[in-house]
Amino acid sequence: MLSERRLQVLRAIVQDYVGTEEPVGSKALTERHNLGVSPATVRNDMAALEEEGYIAQPHTSAGRIPTDKGYRLFVDRLADVKPMTQPERRAIQNFLDGAVDLDDVVARTVRLLAQLTRQVAVVQYPSLTRSAVRHVELLALAPARVMLVLITDTGRVEQRMVDCPAPIGENTLADLRARLNSRVTGRRFTDVPQLVQDLPESFEAEDRGTVASVLSTLLETLVERTEERLMIGGTANLTRFTHDFPLTIQPVLEALEEQVVLLKLLGEAQDPAMTVRIGHENEYEGLNSTSVVSVGYGSGGEAVAKLGVVGPTRMDYPGTMGAVRAVARYVGQILAES
C-alpha cells in the first residue's frame, strides 16, 4: 500500500501531466503543489513510485509520467468525480430535450459526449431483450399483407412485413390488434412468447394461420439481436492527441471500426456501474494506448444499454467520468419520460 503522501505525489504527477502534456519533475511539483515537504523528499517519493511501477521516465527526459498502473491507482482512489456546473447541466438537458425520437436521442448523445469530453463517444442503442412492449400496431397493406409495428418502452420502433396465408378482414385485424395488446402491453419481451402461445386457438379456424403468421413475426422481432447497434462520434478528436499514441493512431482507428470490439469494451449492457479500463487492461491490442470510460443508462434504475468514451490514457479522469455519468443520467430520464 502506498503512503498517503506518496499517493498525493502521484495525484500531483497525474494532474500536471494531463494538464501540461510534459513529463513532470520534482522541482515543478514542489512549486505547483502544496505538498508540505522538501524537493529532496519529493525526489525520494518519486524514486519509490518509479520502482513500484506507478511512474516511468520516458526516453532521456528528466521528468516522469504516469504508467497504466499509476493511472489505475489514481482512478481507484479518486475521492470524487468532477461535478458538472449548473450551466453545463442546463445545456445538456436543453440539447437532449430537443430530440424527436430514439435515433435522435442516440445521435445527440454521441455529439454531446464527444463535445463535453473532447474524446471519441460511443453510445449503444437500448437492448431489445431488456425492453418492454409499449404497443403493437397492425396495418393492412394489401388483402394478405400486414405491417407489424412494435414500439418499446425505450422508444425503439421496429417494423416488419407479414405475408399472410389468406386475406385478412378489417374486423379480424382489429380484433387481433386489441387481443394482442391486451396481453403484451407493458410486459417484458422475455414474457411475451408465453403470453401469446394460445392466442391462435381463440380465433375462427380460417383465421388461425394468419394469426400464427403475425405472432411468428412478432416473436422473431423480439429475439433478434438488434441491440448490437451503436453509434460513434468525435473520432476526429483523436487527432489532437497523436503524440499520446506511441507509434501511430492507425490501430486505434481500426479498433473503433470494429463493432464487436466496441461492444466488448463497453461491457455487459445490464451492468449499470461505471467502469474505467486503462491501457493494457483493454484486451484489444490496438487500444492498449487508450482508456475507456463507460456506464449503463436506462430508466427506473435498470440499465438497458451502455455509453462511454475512448481517449488516450493521458485523460482528465475526474472530468470525463463526471460528464459520462451526467449524460447517462439525462438520457435515462428522457427514456423514462418518452
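Before reading on, note that the structure itself is shown above.
Everything numeric in this text was worked out from a predicted model, so none of it was measured. Each chain carries its own residue numbering, running from 1 in the direction its sequence is written. The predicted origin of the model limits local features to residues at a pLDDT of at least 70 and limits the giving and counting of side-chain atom pairs to 80 or more, whereas totals for whole chains, interfaces and linings rest on all residues. Calculated side-chain values reflect all of the structure's heavy atoms, with hydrogen atoms and water omitted.

### Quick word on the pattern of salt bridges
Salt bridges are defined by distance alone: a side-chain nitrogen of Lys or Arg within 4 Å of a carboxyl oxygen of Asp or Glu. Here the structure, examined in full by the defined rule, presents 18 salt bridges. The partner of Glu 137 in a salt bridge is Arg 177, and the shortest N-O contact between them spans 2.7 Å. Taken together, the positions of Glu 137 in strand 4 (residues 133–142) and Arg 177 in helix 7 (residues 170–184) put the pair 40 residues apart, joining distant regions of the chain. The closest approach of N and O atoms between Arg 183 and Asp 198, which form a salt bridge, is 2.6 Å. Linking Arg 183 in helix 7 with Asp 198 in the loop between helix 8 (192–196) and helix 9 (208–223), this pair joins segments that are 15 residues apart in sequence. One connected set of salt bridges, linked through shared partners, spans Arg 5, Arg 6 and Asp 45. Only runs of H or I of at least four residues qualify as helices and only runs of E of at least two qualify as strands under DSSP, and these elements are numbered from the N terminus.

### Some words on the layout of surface pockets
We place a 1 Å grid over just the protein atoms. Points where a 1.4 Å probe fits but has no way out form a cavity, open points with protein on both sides within 12 Å along at least 5 of 7 lines form a pocket, and any residue with an atom within 4 Å of a point lines it. Grid points are joined across faces, edges and corners, and a volume is the space filled by probe spheres set on the points. What the second largest pocket holds in volume is close to 390 Å³. Elements that contribute at least two residues to the lining of the second largest pocket include exactly helix 1 (4–20), helix 6 (102–117) and helix 12 (317–337). Looking at which element gives the most residues to the lining of the second largest pocket, the answer is helix 12, with three residues. Charged means Asp, Glu, Lys or Arg here, nonpolar means Ala, Val, Leu, Ile, Met, Phe, Trp, Tyr, Cys or Pro, and polar covers whatever is left, Gly included. Of the residues contributing to the lining of the second largest pocket, the split by class is seven nonpolar, six polar and seven charged.

### Section: the side chain of Thr 152
Residue position: Thr 152 is located in strand 5 (residues 145–152). We call two residues in contact whenever any of their non-hydrogen atoms come within 4.5 Å of each other. Other than its neighbours up to four places away in sequence, Thr 152 contacts Leu 128, Ser 131, Ala 132, Arg 134 and Phe 189.

### Overview of helix 11 (residues 259–266)
Among the residues of helix 11, those classed as buried are Val 261, Leu 262, Leu 263, Leu 265 and Leu 266. Contacts made by the buried residues of helix 11 are with strand 3 (120–124), strand 7 (230–233), helix 10 (250–256), strand 8 (275–278), strand 9 (290–297) and strand 10 (305–312). Among the residues trailing helix 11, Gly 267 stands out with phi positive, at a value near 90°. The classification of residues rests on relative accessible area computed with a 1.4 Å probe and restricted to protein chains. Under 20% of the type maximum is buried, over 50% is exposed, and intermediate values are partly exposed.

### Side note on the packing of aromatic side chains
What describes a pair of aromatic rings is the distance from one ring centre to the other and the angle between the planes of the rings. Here a pair means two rings of Phe, Tyr or Trp (six-membered ring of Trp) with centres within 6.5 Å. Their orientation is stacked below 30 degrees between planes, edge-to-face above 60, and tilted elsewhere. Here the structure, examined in full by the defined rule, presents one aromatic pair. Both rings, one in Tyr 71 and one in Tyr 317, keep their centres 5.6 Å apart while their planes meet at 50°; by these two values the pair is tilted. Taken together, the residues Tyr 71 in helix 4 (residues 68–76) and Tyr 317 in helix 12 connect sequence positions 246 residues apart. In this structure Tyr 71 comes out as buried when scored by relative accessible area, which is 2%. On the basis of relative accessibility, which here comes to 0%, the residue Tyr 317 falls in the buried class. Our definition puts a charge over a ring when NZ of Lys or CZ of Arg is within 6 Å of the ring centre and also within 35 degrees of the ring normal. A cation over a ring is seen here: Lys 69 above Tyr 54, with NZ or CZ 4.6 Å from the ring centre. Positioned over the ring face of Phe 95 is Arg 108, at 5.3 Å from the centre of the ring.

Remember that the coordinates give geometry; whether it matters functionally is a separate question.
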